Amino acid sequence: MSHIVSIKTEVRDAGAVRAACQRLHLPPPTEGMHKLYSSHATGLGIQLPKWRYLAVCDLATGQVQYDNFKGHWGEQKHLDSFLQAYAVEKAKVEARRKGHTSTEQTLSDGSIKLTINVGAGGAA
């Protein structure tokens with residue numbers, strides 16, 4: 001049996017954040033208080049390509065704080081790619097934790113199809 005699932009991503013797993021950064025060839029995230037344009041945010045700071053300020057993952061709330069000045073200080077597509085990579089890495093961690101295997105395929109539109117193989121025979 002197959003199911004299509006949409007995920008609203010909350011960033012709460014430091015290991016999956018590190019894996020997403022590694023997957024995208026980003027510098028490792030840095031823990032602490034990080035300056036945004038006119039404020040500060042505490043959490044794991046992610047340096048996205050050509051972004052002036054870090055995107056900061058607050059693992060307690062699951063939210064990502066950032067200031068890209070509506071795309072002038074960093075393209076939204078880089079944050080979207082990070083969130084996609086995080087969601088894939090987190091889903092794979094949870095699948096492994098439950099004894100399942102997974103396979104992934106990058107589709108022509110850039111999205112990722114992740115298949116979780118439950119047990120010996122089926123796919124979910």
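Above this text sits the structure in question.
Scoring rules and cut-offs
Residues numbered from 1 in each chain as written. Predicted model: local features only at pLDDT ≥ 70, side-chain atom pairs only at ≥ 80, totals over all residues. Heavy atoms only, no water. Buried < 20%, exposed > 50% of the residue type's maximum accessible area, 1.4 Å probe, protein only. Helix = DSSP H or I, 4+ residues; strand = E, 2+ residues; numbered from the N terminus. Pairing = 2+ DSSP bridges. Arc of directions from axis to C-beta. Contact = heavy atoms within 4.5 Å. Polar contact = N/O pair within 3.5 Å; in protein donor to acceptor, adjacent residues only side chain to side chain. Phe/Tyr/Trp six-rings, centres within 6.5 Å; stacked < 30°, edge-to-face > 60°. Core = buried A, V, L, I, M, F, W, Y, C linked by side-chain atoms within 4.5 Å.

A.B. asks: Explanation requested: the pairing of strand 2 (residues 40-46) in the structure shown.
C.D. replies: Taken residue by residue, a regular strand's side chains alternate between the two faces of the sheet. In terms of residue burial, strand 2 counts as a mostly covered element, since five of its seven residues are buried. The antiparallel hairpin formed by strand 1 (residues 30-35) and strand 2 contains four residues in its connecting segment. Examined bridge by bridge, strand 2 and strand 3 (residues 55-58) share three bridges and lie antiparallel to one another. Residue pairing in the sheet places leucine 44 in a bridge with cysteine 57 of strand 3.

A.B. asks: Which parts of the structure should I look at to understand helix 1 (residues 14-23)?
C.D. replies: Since the α-helix packs 3.6 residues into each turn, any two residues three or four apart lie on the same face. Of the residues making up helix 1, those classed as buried are Ala16, Val17, Ala20 and Cys21. Looking down the long axis of helix 1, one finds its buried residues gathered within 140° of arc, a one-sided arrangement. Elements that come into contact with the buried residues of helix 1 comprise strand 2 and helix 2 (76-97). Looking at where helix 1 begins, the residue whose side-chain oxygen comes 2.8 Å from the main-chain nitrogen of glycine 15 is aspartate 13. Downstream of helix 1 by a residue or two, histidine 25 has a phi angle that is positive, lying close to 60°.

A.B. asks: When you look at the packing of aromatic side chains in this model, what are you seeing that I'm missing?
C.D. replies: Note on aromatic pairs: each is described by the distance of the centres and the angle between the planes. By the definition in use, this model includes five aromatic pairs. Seen in terms of ring centroids, tyrosine 37 and tryptophan 73 are 5.0 Å apart; in terms of plane orientation they differ by 45°. Their pairing is tilted. On the criterion of sequence distance, the pair formed by tyrosine 37 in the loop between strand 1 and strand 2 and tryptophan 73 in the loop between strand 4 (63-65) and helix 2 is long-range, its members being 36 residues apart. A relative accessible area of 12% places tryptophan 73 in the buried class.

A.B. asks: Before we go on, may I ask you to explain the nonpolar core in this structure?
C.D. replies: The nonpolar side chains of soluble globular proteins are, as a tendency, buried together. In terms of nonpolar packing, the biggest core is built from 17 residues, with Val17, Ile46, Leu48, Cys57, Phe82 and Tyr86 touching the most fellow members. Among the secondary structure elements, those contributing two or more residues to this core are helix 1, strand 2, strand 3 and helix 2. Contact partners of phenylalanine 82, with chain neighbours within four places excluded, come to Val17, Ala20, Cys21, Leu24, Ile46, Leu48 and Cys57. Ala41, Leu54, Val56 and Trp73 belong to the second-largest nonpolar core, a separate cluster that totals six residues.

Interpretation note: all reported values are geometric properties and have no functional meaning in isolation.
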